[in-house]
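Remarks on the overall topology
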Amino acid sequence: MITLGINYTRMHDSSACVVRDGELLCAVAEERITRIKHDARFPRLAIQSCLEFARIRVEQLDEVCFGWSTAGPGFRHDLKCLAIGGLPFTYLNVLSTIQHFLTMWHQGSGGKLFAQQFGPTKARMRFVDHHLAHAISAYGYSGFDDAAVVVMDGRGAWEATSIWRGHDGKIDHVLTIPFPDSIGYFYSEFTEFLGFQRNSDEWKVMGLAPYGQPGVKLDTFIDSQIAPYHVNAKRLTGNGSGICSGMIPLLGPPRLAESEIDDRHKNIAYAVQDACEIAMMSVVRMAIEKTGSRSVCLAGGVVLNSKANGKIVASGLVDKMFVQPAASDDGVALGAALAPYLDGNGKLPNKPMRHAYWGPSFDDEAIESALRTYKLRYQKLPDPASTAAELLSQGKILGWFQGRMEFGPRALGSRSILADPRDPEMNAKVNNAVKFREWWRPFAPSFKKEAADEYLESATDSPFMILTAQVRAEKTKRNSVCHACGWKRSTTNRGERNQPAVLATDR
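Residues numbered from 1 in each chain as written. Predicted model: local features only at pLDDT ≥ 70, side-chain atom pairs only at ≥ 80, totals over all residues. Heavy atoms only, no water.

Most of helix α6 (residues 130–139) is tucked away: nine of the ten residues are buried. Among the residues making up α6, those that are buried are His 130, His 131, Ala 133, His 134, Ala 135, Ile 136, Ser 137, Ala 138 and Tyr 139. Against the buried residues of α6 lie β6 (146–152), β7 (159–167), β8 (170–178), β11 (295–299), β12 (320–323) and α13 (332–338). (Buried < 20%, exposed > 50% of the residue type's maximum accessible area, 1.4 Å probe, protein only. Helix = DSSP H or I, 4+ residues; strand = E, 2+ residues; numbered from the N terminus. Contact = heavy atoms within 4.5 Å.)

Following this line, the structure appears as C-alpha cells:
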C-alpha cells in the first residue's frame, strides 16, 4: 500500500509525505521549497518533491490522506463558539469563519485541488480527524508498544488538547479538551500581545522568558492549578473590539511590533512560559494516570516548547519520552499517511524514528550547477569535515549543507549555520551578522552523546533539538549556547554522523 499524507487548511505549515508498506520514504514542508515561512498554500511542490524522490507516480497511490476532517465539523464548532461567547461575536469573526468554510468546501477540503493539479487518480481521498493524525504521528513513529499519547496545539477542527493510549499498534481515545480551552491559544494570544506574530513567533516568547522575573499574575487568563488546566478565552479576547482588548485592563497596552522591549514585556513572557510549563506538566501527569503508562509520546505545536519538554523529562514523571520532531501541523501528514493501517482492526507499523532527514537530497551535479548559476567560487575537498573544523576554530561562521533535508522546524546538521560555541560573543555575531534576528534568541550545541554527561545534568538522548537540559554549573560560563536560565537545547546524537561538534541554529 502506498499512501500520500497531506497537511492543508489554508492556515499554516502545509506539507506532504509518502509512506509505502508502512515505511516513511519522504516528507517535506511546502515552506522548504517556496522559502515562504509557514507557507499555507496547497502543498503542490511538496507533494511533487515527495513523489519524485520516492519515484512514485500519482496513479500508483492507494490513498491520499489529509490530516484534517472535512470543512463542516470545524465550521459547526466555530459557530457554536461564536453563539455561546467562547469567541467574540463580531462582524469580522463571523465573516472570516464563513469565508474559510466556503473556500475549503469549494476545494473539497483539498481533495478537488489535488485532482486539479495532479490529474485523476484511483486513490481514495481520506480525511483524518486532526488530533488523531497528530496522535498517530507521535505513537506511530515512537517504537513504544504501550504509551500515553498527548496532543497539545492551538486548535484542530474542535480540539485543543487530547489524550490517547497507544498499545499493540493501536490507538484509543481517552479524552479531548475542546477549543478555545487551549494552551496553544493562550500562548499565541500573548505572543501577539508582546508584539510578535501569532502561530509563528511563539518561540521568541520562550526565548525572551528567561530574562524576566516572577511577579506577573495571569490567573485571570489561565488556571494552571486545576487538573489539567483551564483557559479563560473570554478574558483573553475581551469583546473583540481590538487586538488583546481583554488583556489591556490588567496588563497595560500591548507592545508594538519592532519597538523596544522593556522589563514589563520580559516579565510577562516569563509568566506566560511558566504557566505553559505548569499546564503541560499537568496534562502529561493526567495522561500517565489515565493510561497507566510512563512512556509518553507528544505532538502538536505546543510541544515545540523545548524548555517545557526538558522539564517534563527531568521531572521523573516519565520513563521514556518521544516528541515527534515535526510536532506542529506539518507533522500531521505523517499521521494521516499511517491512518489507513488502522482499518479493519489493523495495526500501525510503529517503527522508531531516529532521525529527521526525510526531505529531498541533491547530488554533486545539481549542487555544482547551482554554484555556477549564481557565480559562486567553489572547491572540492577530500575531507570537508576537517576543513570545516579548522575554519570553525578560527572563528569563521559556516553554512553546512549535506544529505537529505530535515523535516520539522529544527536545523539538524543538513541545512545549518555552524559556529564555534566556545566564543561567548558568537551568539551575538550570528544573530546580528547572519540571522538578522533578536539578540535574545538562543542557539543549540551539537555534540556526541558520549560527552553529554560532562556538560548536562540528567542528560537525555535528544536527536531532534526539541528538549532542553540543565547545564552543569561549572560549564555555564564562557560559551554562547547556555541561555539566561541555565538551560540549553541541544542535539546529542551527533556521534552517529561525520561532522564537527558545533553551535547549530534553527532555520
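The next subject is the sheet that holds β7. In any sheet, the strands associate via hydrogen bonds between backbone groups, in a parallel or an antiparallel arrangement. Ordered in space as β8-β7-β6-β11-β12, the five strands form an open sheet in which the pairing is mixed. Each edge of the open sheet is held by one strand with a lone partner, namely β8 and β12. Strand-to-strand, the axes of this sheet are offset by a mean angle of 20°, without reference to chain direction. Here helix α11 (residues 263–291) sits on the sheet in contact with β6, β7, β8 and β11, set at roughly 145° to β6. (Pairing = 2+ DSSP bridges. Axes fitted to C-alpha atoms, helices over the stretch in contact; angles between N-to-C directions.)

On to the sheet that holds strand β3 (residues 23–29). Across the sheet, which stays open at both edges, the five strands sit in the order β3-β2-β1-β4-β5 with mixed pairing between neighbours. Whereas interior strands pair on both sides, the edge strands pair on one side only; in this sheet they are β3 and β5 (124–127). Each strand of the sheet is rotated relative to its neighbour by a mean of 15°, with strand direction disregarded. Where strand β4 (residues 63–66) lies against β5, four bridges are found, and the strand directions are parallel. Note that in β5 the partner of Phe 66 across the bridge is Phe 127.

A few words on the pattern of salt bridges. Enumeration over the complete set of coordinates arrives at 19 salt bridges. For Lys 122, the salt bridge is made with Asp 62, and the minimal N-O distance between the two is 3.5 Å. Placement of the pair is Lys 122 in the loop between α5 (111–118) and β5 and Asp 62 in the loop between α2 (44–54) and β4, with a sequence separation of 60 residues. On the accessibility criterion, Asp 62 (31% relative accessible area) is partly exposed. Residue Arg 294 pairs with Asp 319 through a salt bridge whose shortest N-O separation is 3.1 Å. One end of the pair, Arg 294, is in the loop between α11 and β11; the other, Asp 319, is in the loop between α12 (306–314) and β12, and 25 residues separate them in sequence. The exposure class assigned to Arg 294 is partly exposed, which follows from its relative accessible area of 37%. Here the residues in one salt-bridge network are Glu 63, Arg 124, Arg 126 and Asp 343, joined through shared partners. (Salt bridge = Lys/Arg side-chain N within 4 Å of Asp/Glu carboxyl O.)

In this section: the packing of aromatic side chains. Any aromatic ring pair is given by two values, namely how distant the centres are and how the planes are angled relative to each other. Scanning the model with the defined rule gives ten aromatic pairs in all. Consider the rings of Phe 190 and Phe 221, whose centres lie 5.6 Å apart with planes at 80°: the pair is edge-to-face. Here Phe 221 lies in the loop between α8 (202–208) and β9 (222–223) and Phe 190 lies in helix α7 (residues 183–193), a separation of 31 residues in the sequence. Accessibility assignment for this pair places Phe 190 and Phe 221 in one class, buried. Taken together, Phe 186, Phe 190, Phe 193 and Phe 221 form an aromatic cluster joined through their ring pairs. Over the face of the ring belonging to Phe 179 we find Arg 155, whose NZ or CZ atom lies 4.5 Å from the ring centre. (Phe/Tyr/Trp six-rings, centres within 6.5 Å; stacked < 30°, edge-to-face > 60°. Lys NZ or Arg CZ within 6 Å of the ring centre and 35° of its normal.)

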